[in-house]
Amino acid sequence: MARGIAGKNYWVLLVLLLSGIVLGGFLGSLAAGNPFLNWLNYGQSFGLSSPIVLDLGILVITFGLNIKITIAGIIGVLLAILIYRLM
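Residues numbered from 1 in each chain as written. Predicted model: local features only at pLDDT ≥ 70, side-chain atom pairs only at ≥ 80, totals over all residues. Heavy atoms only, no water.

> Would you take a moment to explain the overall build of the protein for this structure?
A tally of regular secondary structure across the protein gives two helices and four strands. The secondary structure elements of the protein, listed N-terminal to C-terminal, are α-β-β-β-β-α. For the protein, whose C-alpha radius of gyration is 18 Å, the value lies well above the compact-globule estimate of 12 Å for 87 residues. If one aligns the C-alpha atoms of the protein with their principal axes, the spans along those axes are about 50 × 45 × 15 Å. When each of the 87 residues of the protein is scored for burial, the buried share is 17%. Sequence-distant contacts in the protein: of pairs separated by 6 or more residues, those separated by 24 or more amount to 48%. Counting every atom, the protein has about 6,900 Å² of accessible surface; 73% of that belongs to carbon and sulfur. (Helix = DSSP H or I, 4+ residues; strand = E, 2+ residues; numbered from the N terminus. Rg over C-alpha atoms; globule rule 2.2 N^0.38 Å. Buried < 20%, exposed > 50% of the residue type's maximum accessible area, 1.4 Å probe, protein only. Contact = heavy atoms within 4.5 Å. Areas by Shrake-Rupley, 256 points an atom, 1.4 Å probe, with all protein chains shown as cover.)

If you want it as structure tokens, here you go:
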């Protein structure tokens, strides 16, 4: 396993960051229906509006990417970094 200078495993940080993003996005989408917590789902979406299709005859490849950054996702990432630092 790859270890950093301080001996911490950076794979753990990657897993914590990904879980923070997913859980934050999930909680943000749950909070969208609540008028008091609606601000957690506020954010910006960017990426390709329609996927790019590469047709090579026998192989068709579709490229697409859409990222939505919300307040809840940012809070999830910050909590993941805090948990990693406390480990």
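On we go.
> Mind showing me how you'd approach a nonpolar patch on the surface here?
Among the surface-exposed residues, Phe46, Leu65, Ile67, Ile69, Ile74, Leu78 and Ile81 lie close enough to one another that they form a single nonpolar patch of about 610 Å² accessible area. Elements with a minimum of two residues in the nonpolar patch: β4 (66-70) and α2 (71-86). Counting residues per element, the nonpolar patch draws most heavily on α2, at three residues. Looking at the element boundaries, Phe46 is found in strand β1 (residues 43-47). (Patch = residues over 30% accessible without salt bridge, like charges linked within 9 Å, V, L, I, M, F, W, Y side chains within 5 Å. Salt bridge = Lys/Arg side-chain N within 4 Å of Asp/Glu carboxyl O.)

> How do you make sense of the packing of helix α1 (residues 10-31) against α2 when you look at a structure like this?
When two helices pack together, their arrangement is given by the angle between their axes and by how far apart the axes lie. Packing of α1 against α2 brings their axes to within 7 Å, and their N-to-C directions diverge by 150°. The orientation of α1 with respect to α2, classified from their angle, is roughly antiparallel. In this structure, α1 crosses over α2, and the sense of that crossing is right-handed. The residues of α2 that touch α1, namely those facing Tyr10, Val12, Leu13, Leu16, Leu17, Gly20, Ile21, Gly24, Gly25 and Gly28, are Ala72, Gly73, Gly76, Val77, Ala80, Ile81, Ile83 and Tyr84. (Axes fitted to C-alpha atoms, helices over the stretch in contact; angles between N-to-C directions. Parallel < 35°, antiparallel > 145°, perpendicular 65-115°, else oblique. Left-handed = near helix turned anticlockwise from the far one by under 90°.)

This is a description of form; function is not addressed.
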